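Structural overview for review
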Amino acid sequence: MNDVAPFKWVGTRPIRPDGVPKVTGRAQYGADFTMPGMLMGAILRSPHAHARIKSIDTSAAAKLPGVKAVITSKDFPEQKFEYLGPERVAFNYWHMTRNIMAREKVLYEGHAVAAVAAVSKSIADEAVRLIKVDYEVLPHVIDVDEAMKPDAPLLFDDMITRGIEPPPTKPSNISKRMEFKIGDLEAGLKQADVVIEKTFKTAAIHQAYIEPHATVARFEADGQCEIWSSSQGHFVVRNYTAGLLKMSVGDLRVYPAEIGGGFGGKTVVYLEPVAALLSKKTGLPVKLVMSREDCFKATGPTSGSSMRVKIGATKDGKIVAAEGEFKFQAGAFPGSPVMNACMCAFAPYDIPNARSVGYDVVCNRPKAAAYRAPGSPISAFAVESVLDMLAQRLGIDPLEFRYKNAARAGTQMVYGPKLSHDGYAETVEALMKHPGYKVKLGKNQGRGVASGYWFNGGGESSATVHVNDDGTVVVATGSPDIGGSRASMAIMAAETLGIDYNQVRAIVADTASVGYTHVTGGSRVTFATGIAAVDATKKVIKELCKRAAMIWDVDPEGVIWENGHARPAGKNVGEFKPLSLKEIAAKRALTGGPIGATGNVNPGAVAPGFSTQFCDIEVDPETGKVTILRFVAAQDVGRAIHPSYVEGQIQGGVAQGIGWALNEEYIYNKEGRLDNPGFLDYRVPVASDMPMIEAVMVEVPNPSHPYGAKGVGEVNICPPMAAIANAIERAVGVRMTELPMSPPRVLAALDAGKLKAAE
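Per chain, residues are indexed from 1 in the order of the written sequence. Given that this is a predicted model, residues contribute local features only at a pLDDT of at least 70 and side-chain atom pairs are listed and counted only at 80 or more, while totals for whole chains, interfaces and linings are drawn from all residues. Side-chain calculation: all heavy atoms of the structure are included, whereas hydrogens and water are not.

**Section: the overall build of the protein**
How we decide: Segments assigned H or I by DSSP are reported as helices when at least four residues long, segments assigned E as strands when at least two residues long, and all are numbered from the N terminus. Here the globule rule is a power law, 2.2 Å times the number of residues to the power 0.38, and the radius of gyration is based on C-alpha atoms. Throughout, a contact is declared for two residues whenever any of their heavy atoms are within 4.5 Å.
For the protein, the count of helices and strands is 20 helices and 27 strands. For the protein, whose C-alpha radius of gyration is 27 Å, the value lies close to the compact-globule estimate of 27 Å for 759 residues. Dimensions of the protein, computed from C-alpha atoms along their principal axes, come out at roughly 95 × 75 × 55 Å. The contacts in the protein between residues at least 6 apart in sequence include a share of 79% that link residues at least 24 apart.

Below is the structure:
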C-alpha cells in the first residue's frame with residue numbers, strides 16, 4: 001500500500017493537454033460543427049406518457065417552404081426482436097429503434113414521433129408544430145411498485161417475464177427476474193443474534209451533464225456516411241447507427257467531438273440515426289441539437305427503485321447472512337442496471353450466506369441509461385444504511401464493523417467468482433487513521449460512514465503509436481477523453497519510452513483511423529486502453545532497437561532500450577555511443593521507413609474499485625436542511641497515473657452523490673408529465689452546497705496493468721447517499737429511507753419523530 005515506484009512520469013501532475021482549447025473556447029463540442037449547405041433538424045415529441053398512435057399527418061409540414069425532409073418510424077427499417085451481447089449489458093434493436101422513433105405507441109412524455117430537416121432551425125421548429133398526430137391516450141404507470149401490480153397498465157401486451165421457470169402465462173411490466181445466492185440464507189439468519197430488515201425507495205435522477213446531446217451527419221450519394229457527435233464511444237455510435245439503419249459498418253465513419261459531460265448517459269444513441277436518415281433523404285448535412293428540456297424528458301436517467309434489505313450479524317459483529325430485493329424502473333424499454341445492483345450490493349463484505357433478487361420493470365418514463373457505476377449506488381444506499389443500523393444496535397464503530405467483515409482476495413462473491421484483488425480493507429483503514437474521524441461534533445451534527453464497490457471494466461481497446469522524424473511521438477486511441485485519458489496515455493507512453501512527457505501527444509482518433517475501442521465507461525480506459533498504448537509503445541521500442549542495430553550493423557538482440565536511448569547490451573556487442581529516439585527517428589527513411597505500431601487488447605483480468613467515505617453534517621431542525629460540513633473519501637486507485645485527475649474523479653463522484661442524496665429527483669404529475677425538466681427546478685448541487693471534498697488515494701497496485709492502474713471513475717458515487725443518511729440518523733435520530741432526503745422530507749421525519757415521542 002502506497003509503495004512508491006521509481007517512475008519519472010507516472011504519478012506526476014503535468015498540465016492537462018485539453019486545458020488550453022477548453023478555457024479559450026476553441027474546443028469543438030457536438031453542436032459546434034458546421035458545414036456548407038447544412039440543414040437544421042427538429043424532433044416532434046409526445047405530450048403523453050402513454051398513447052397509441054392512430055395516425056401521423058406530415059403533409060402540412062412537408063409543404064412548408066424551406067423544409068427538405070420529414071421522417072417518422074416508417075422510414076426506419078424494422079428490427080428483429082433479440083437480445084444481443086453479454087447479459088449484464090444486453091441490448092435489443094427492436095427496442096432501440098422504437099426508442100429512437102415511436103412506432104405503435106408512445107411510451108413516455110418526450111418520446112420522439114417524427115423529425116424534420118429544414119434550411120433553418122426556426123423553419124424546422126415551425127414544421128414540427130404542423131405535424132398532426134392522432135393519439136389514443138392510454139392509462140400510464142410511473143412508479144415501480146405500481147408497475148409491478150397485476151392490474152397495472154401494460155406497456156407491452158406480450159411481455160412475458162424472463163428468468164422465471166416455467167415462464168408466466170400472463171404478460172406483465174416485469175421484463176426480467178434474476179437471482180444470485182451463496183450459502184444457506186435461512187441457516188445463516190438463524191445464527192444471527194441481531195437481524196435488521198428495512199425497505200427503501202430512490203427517485204430517478206439524471207446525469208445532468210452540462211452539454212446537451214448534439215450531432216451532425218453527412219450522408220453521401222455513394223452510400224458513405226460521416227457523423228460528428230458528442231459521445232462516450234464513437235465506435236458504439238457507429239455500430240448502433242449502422243445497425244438501426246441496416247448499413248454496412250464500413251460505410252459509416254464517426255468522429256469524436258469534445259464532450260461536455262456524460263457520466264454514462266452518452267453511451268447510447270438518440271440523435272445520430274435520425275440525423276443520418278434525414279441527411280440520406282436530403283443529400284445534405286443535418287445538425288440536431290437537444291434542448292435542455294429534451295435531455296430531461298427523452299434521455300436516460302438512472303432508475304428509480306424500491307428495495308428491501310435484510311442483514312443478520314452475531315453479537316461480536318460478524319455478518320452471517322444478507323438478503324436483498326431490488327426492483328428497478330427500466331423506463332419505457334427493458335434494461336435497467338438492476339443486475340449490477342444485485343451483484344454489487346454485498347460485494348465489499350465477506351458474507352457466507354447471501355441472496356440478491358432483482359426485477360427489471362418497464363414504466364412510462366424515458367428508458368434508463370447508465371449513470372456512474374450503474375445500479376451499485378442504489379443498492380449501496382439500502383445495504384449501507386442497514387449496516388449502520390446493525391453497527392449501532394451492536395455498539396460497534398461503523399468503520400470497525402466494516403473492517404471486521406471486509407472482503408479480501410479469495411472472498412466468495414454472491415455472483416460467482418472469488419474476489420481476486422485486495423483494496424477494500426485498506427480504504428477502511430485509511431479512514432480509521434484519518435484525524436477528522438475523531439473530531440467531536442456538536443448539537444444536530446452527525447457523522448456517517450458508508451462503502452461501495454464497482455467491478456471496473458476491461459473490454460476491447462486499440463492504440464497506435466507513431467514516431468515523428470524529430471523524435472516526438474503521437475499516441476492515438478479510440479477512447480473519448482472524459483476523465484484525463486489523453487494525459488494518462490501520454491504519461492504511460494513517455495514512461496515506457498523513457499522520454500519527456502512533453503515529447504508525446506495523445507489524440508482521440510475517428511473510427512476509420514484506429515482499431516475498435518469500446519466506450520469510455522465502466523472505469524475501463526486507463527486500464528484497458530492504457531494496456532493497448534503500452535503494448536504499442538513496447539513494439540515501437542523493439543523496432544527502435546532493430547533500427548539502432550541496423551545503424552551499428554550489429555545483431556538486434558545486442559541492443560537494449562534504456563532511458564529513451566538504444567544502448568549496446570554489453571561490451572561484447574561493441575563500443576557505441578547511445579542513440580536517442582530523436583537520432584534514430586531522423587534516420588528512419590534509411591533504416592526501413594516509418595516507425596510505428598498498434599496495440600489491440602481485450603483484457604479480462606480486471607481489478608474492481610472500492611471506496612469508503614465519511615461525512616459530517618448538520619441538520620437544521622427548523623427547516624430540515626442538511627449542510628455538509630466535511631467529506632472525506634478514501635478510494636483504492638491501484639496506482640494514480642495522474643493524481644490530479646484521480647482526485648477530480650473522486651471529488652466529482654462525491655459531488656454527484658451529494659446531489660443524489662439531498663435534492664435531485666424526477667417529479668411527475670398525475671398526467672405522467674415531468675414537472676421539473678430543467679436546471680431551475682431539477683436541483684443539482686452548486687458550489688455553495690459543497691464542502692471541500694478530501695480525496696484520500698489508497699494505492700494497492702493492480703498486477704494486471706503495467707503501471708498498476710485500476711479504474712477510478714465510478715465507485716466514488718456509491719457511498720455518499722448512505723453516508724449522508726447515516727449521518728442524519730446520528731445527528732437527529734431519524735432514519736431516512738427515501739431519496740432524495742430533501743428539506744421537506746427531513747422536516748416531515750423530524751415532525752413525525754416528535755409526534756411519536758409525544759404519544
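Further notes follow.
**Examining the packing of helix H14 (residues 485-497) against helix H15 (residues 525-552)**
The test is simple: Where helices are involved, their axes are fitted lines through C-alpha atoms of the stretch in contact, as for all axes, and angles between N-to-C directions lie from 0 to 180°. Note: crossing handedness is left-handed where the near helix turns anticlockwise from the far helix by less than a right angle, and right-handed where it turns clockwise. Three classes are used, and their members are as follows: Ala, Val, Leu, Ile, Met, Phe, Trp, Tyr, Cys and Pro are nonpolar, Asp, Glu, Lys and Arg are charged, and the others, Gly among them, are polar.
In contact at an axis separation of 9 Å, H14 and H15 are set at 35° when each is read in the N-to-C sense. In the packing of H14 onto H15, the handedness of the crossing is right-handed. Residues Ser 485, Ser 488, Met 489, Met 492, Ala 493, Thr 496 and Leu 497 of H14 form the contact with H15, whose participating residues are Val 525, Thr 526, Thr 529, Gly 530, Ala 533, Val 534, Thr 537, Lys 538, Ile 541 and Leu 544. Classifying every residue of the contact of H14 with H15 by side-chain character gives nine nonpolar, seven polar and one charged.

**A short note on the sheet that holds strand E21 (residues 565-568)**
Backbone-to-backbone hydrogen bonds pair the strands of a sheet. The strands run either parallel or antiparallel. Our working definition: Two strands are counted as paired when DSSP detects at least two bridges linking them.
A sheet is described by the order of its strands in space; here three strands give the open sequence E20-E21-E22, paired in antiparallel fashion. Strands with a single pairing partner mark the edges of an open sheet, and in this sheet they are strand E20 (559-562) and strand E22 (579-580). Across two bridges, E21 lies against E22 in antiparallel orientation. Bridge pairing in E22 places His 565 opposite Ser 580.

**Quick notes on the packing of aromatic side chains**
In plain terms, the rule: Put simply, two rings from Phe, Tyr or Trp (the six-membered ring, in Trp's case) pair if the centres are within 6.5 Å, and we call them stacked under 30 degrees between planes, edge-to-face over 60, tilted for the rest. Accessible area is worked out with a 1.4 Å probe on protein chains only. A residue is then buried under 20% of its type maximum, exposed over 50%, and partly exposed in between. In this scheme, Lys NZ or Arg CZ marks a charge over a ring once it lies within 6 Å of the ring centre and within 35 degrees of the ring normal.
All told, the structure shown has 27 aromatic pairs when counted by the stated rule. Ring geometry for Phe 7 and Tyr 707: centres 5.4 Å apart, planes at 80°, overall edge-to-face. Of this pair, Phe 7 sits in the segment before helix H1 (19-23) while Tyr 707 sits in the loop between strand E26 (693-698) and helix H19 (720-732); the two residues are 700 residues apart in sequence, bridging distant segments of the chain. Here Phe 7 falls in the partly exposed class, since its relative accessible area comes to 28%. For Tyr 707, a relative accessible area of 9% translates into the label buried. A cation over an aromatic ring shows up here: Arg 88 above the ring of Phe 455, its NZ or CZ 4.3 Å from the ring centre.

**Remarks on the nonpolar core**
Going by this rule: Definition of nonpolar core: a set of buried residues of the types Ala, Val, Leu, Ile, Met, Phe, Trp, Tyr and Cys, connected through side-chain atoms within 4.5 Å.
By size, the foremost hydrophobic cluster in this structure holds 111 residues, and its most contacted members are Ile 311, Phe 401, Ile 617, Ile 724, Ile 728 and Met 741. Apart from residues no more than four positions distant in its own chain, Ile 724 is found in contact with Cys 615, Val 626, Ile 628, Phe 631, Ile 658, Ala 661, Leu 662 and Met 741. Among the nonpolar cores identified, the runner-up in size contains 50 residues, and Trp 9, Val 467, Ala 494 and Ala 566 belong to it.

**Concerning the sheet that holds strand E6 (residues 132-137)**
The three strands lie next to each other as E4-E2-E6, forming an open sheet whose pairing is antiparallel. With partners counted over all chains shown, the strands left at the sheet margins are strand E4 (105-106) and E6, one partner each.

**Things to note about the pairing of E21**
Burial of E21 is one-sided: the residues Ala 566 and Pro 568 facing one way are buried, the residues His 565 and Arg 567 facing the other way are not. By the bridge criterion, four bridges tie E20 to E21 in an arrangement that is antiparallel. By the bridge assignment for E21, Glu 562 is matched with His 565. Connecting E20 to the antiparallel partner E21 that follows it, the hairpin turn spans two residues, and Asn 563 within it adopts a positive phi of roughly 50°.

**A word on unusual backbone geometry**
Trans peptide bonds make up most of the peptide bonds, and negative phi angles are found at most residues other than glycine. Here Glu 165 and Pro 166 are connected by a cis peptide whose omega angle stands at -10°. For Pro 166, the position within the fold is in the loop between helix H5 (144-147) and strand E7 (174-182). Positive phi, normally seen in glycine, also occurs at Asn 563, with a value near 50°. Note that Asn 563 resides in the loop between E20 and E21. On the accessibility criterion, Asn 563 (60% relative accessible area) is exposed.

**Details of the packing of helix H18 (residues 643-662) against H19**
If you want to describe how two helices pack, look at the angle between their axes and the distance between the axes. The condition that has to hold: Angles are sorted into four bins: roughly parallel if under 35 degrees, roughly antiparallel if over 145, roughly perpendicular if 65 to 115, and oblique for all others.
H19 packs onto H18 with a crossing angle of 55° between their chain directions and a minimal axis gap of 8 Å. Classified by the interaxial angle, the pair formed by H18 and H19 is oblique. Pair H18 / H19 crosses with right-handed handedness. Across from Gly 653, Val 654, Gly 657, Ile 658, Trp 660, Ala 661 and Leu 662 in H18, the residues of H19 making contact are Pro 720, Met 721 and Ile 724. A per-class count over the contact of H18 with H19 returns eight nonpolar, two polar and no charged.

**Topic: helix H3 (residues 93-100)**
This is how the line gets drawn: Here a polar contact is taken to be a pair of N or O atoms separated by no more than 3.5 Å, where protein atoms must pair a possible hydrogen donor with a possible acceptor and residues adjacent in sequence count only if both atoms sit in side chains.
Summarising burial for H3: eight of the eight residues are buried, a large majority. Where the residues of H3 are buried, they touch strand E5 (112-118), helix H7 (234-245) and helix H8 (272-282). For H3, the N-terminal capping position is held by Asn 92, with its side-chain oxygen 2.9 Å away from the main-chain nitrogen of Trp 94.

**Regarding the pattern of salt bridges**
Our working rule: Counted as salt bridges are all cases of a side-chain nitrogen of Lys or Arg within 4 Å of a carboxyl oxygen of Asp or Glu.
The tally for this structure, following the rule as stated, stands at 45 salt bridges. Among the ionic pairs, Arg 567 bridges to Glu 562, the shortest N-O distance being 3.7 Å. A residue is classified by how much of its surface remains accessible, and Arg 567, at 24% relative accessible area, is partly exposed. Taken together, the shared-partner salt bridges connect Arg 177, Glu 179, Lys 181, Glu 197, Arg 308, Glu 323, Glu 325 and Arg 355 into one network.

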